[in-house]
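The chain contents come next:
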Amino acid sequence: ALAASARGLQLWVRLPLTSAGYGRARRLVDAADGVAALGIALDVGPAVSDGAASSAGGLGAAVALLHLFLGQNVRACCVGTVDFATNRRGYPALRRPAQVLLCAALRRIGRRVRLLLEGPCVHADTVGPGGCGRTGLRPYLEYLRHLRGRP
């Protein structure tokens, strides 16, 4: 089906950063026979929200799983606004496990990966009135831009 697709069409499949998600990615890539138009949108949230990545061993396992995923055709990393906490200055910042995973992905595949931010602004009361911009996501986008610019 993908071989007969329209020119320029890309299909991104969203998969969680879990071992089950990696198994699905492998089966999908094998079934698609390595079609370049098939990409993976990797959801970082499940790896950090279940608390498994909070410990040092869990975070190491999550980073190892991330490196396995990056061997596939990862096109995007999905981050939700619920994965952010408030820093000392009152602005949203990624929790440490999510930050480590996202920075590892950016170091490995750099500019090729898209960062997809989703969810409503949940830090509007700490940023201040009008501080979230028109969409309500400006502080989050500024933080992700900061992470992308780090060496």
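Quantities reported herein were computed from a predicted structural model and do not represent experimental measurements. (Residues numbered from 1 in each chain as written. Predicted model: local features only at pLDDT ≥ 70, side-chain atom pairs only at ≥ 80, totals over all residues. Heavy atoms only, no water.)

(A) Representation of the sheet that holds strand 1 (residues 11–16) in the model. Reading across from one edge, 1-2-3-6 is the order of the four strands in this open sheet, with parallel pairing throughout. The sheet is open, and its two edges are formed by strand 1 and strand 6 (114–118), each paired on a single side. Each strand of the sheet is rotated relative to its neighbour by a mean of 30°, with strand direction disregarded. Helix 4 (residues 96–109) rests against strand 3 (74–80) and strand 6 of the sheet, and its axis sits at about 160° to strand 3. (Pairing = 2+ DSSP bridges. Helix = DSSP H or I, 4+ residues; strand = E, 2+ residues; numbered from the N terminus. Axes fitted to C-alpha atoms, helices over the stretch in contact; angles between N-to-C directions. Contact = heavy atoms within 4.5 Å.)

(B) Quick look at the pairing of strand 3. For strand 3, a buried count of seven out of seven residues is recorded, marking the element as mostly surrounded by other parts of the structure. In this structure, strand 2 (residues 38–43) lies alongside strand 3, joined through four bridges in parallel fashion. Paired with Ala-41 across the strands is Ala-76, a residue of strand 3. In the sheet, strand 3 pairs with strand 6 via five bridges, with the strands oriented parallel. (Buried < 20%, exposed > 50% of the residue type's maximum accessible area, 1.4 Å probe, protein only.)

(C) Layout of helix 4. The first and last C-alpha atoms of helix 4 sit 20 Å apart over 14 residues, in line with the 20 Å expected at 1.5 Å per residue. Across the 14 residues that make up helix 4, a large majority, ten, are buried. Taken as a whole, helix 4 has its buried residues at Pro-97, Ala-98, Gln-99, Leu-101, Leu-102, Cys-103, Ala-104, Ala-105, Leu-106 and Ile-109. Within two residues after helix 4, Gly-110 carries a phi angle of roughly 50°, on the positive side. (Expected span 1.5 Å × (residues − 1).)

(D) Fine view of the nonpolar core. Counting 37 residues, the largest nonpolar core has Leu-17, Leu-66, Phe-69, Phe-84, Leu-94, Leu-101 and Leu-147 as the members making the most contacts within it. Residue assignment for this core shows that the elements contributing at least two residues are helix 1 (19–32), strand 2, helix 2 (45–49), helix 3 (56–70), strand 3, strand 5 (92–94), helix 4 and helix 6 (138–149). It is helix 4 that contributes the most residues to this core, eight residues altogether. Excluding its chain neighbours within four sequence positions, the residues that come into contact with Leu-17 are Leu-42, Asp-43, Val-44, Ala-47, Ala-62, Leu-65, Leu-66, Phe-69 and Leu-101. (Core = buried A, V, L, I, M, F, W, Y, C linked by side-chain atoms within 4.5 Å.)

(E) Region of the structure containing the packing of helix 4 against helix 6. Where helix 4 meets helix 6, the axes come as close as 9 Å, and the angle between the chain directions of the two elements is 50°. Considering their axes alone, helix 4 and helix 6 lie oblique with respect to each other. Crossing geometry of helix 4 relative to helix 6 is assigned as right-handed. Where helix 4 approaches helix 6, its residues Gln-99, Leu-102, Cys-103 and Leu-106 are matched on the opposing element by Tyr-143, Leu-144, Leu-147 and Arg-148. (Parallel < 35°, antiparallel > 145°, perpendicular 65-115°, else oblique. Left-handed = near helix turned anticlockwise from the far one by under 90°.)

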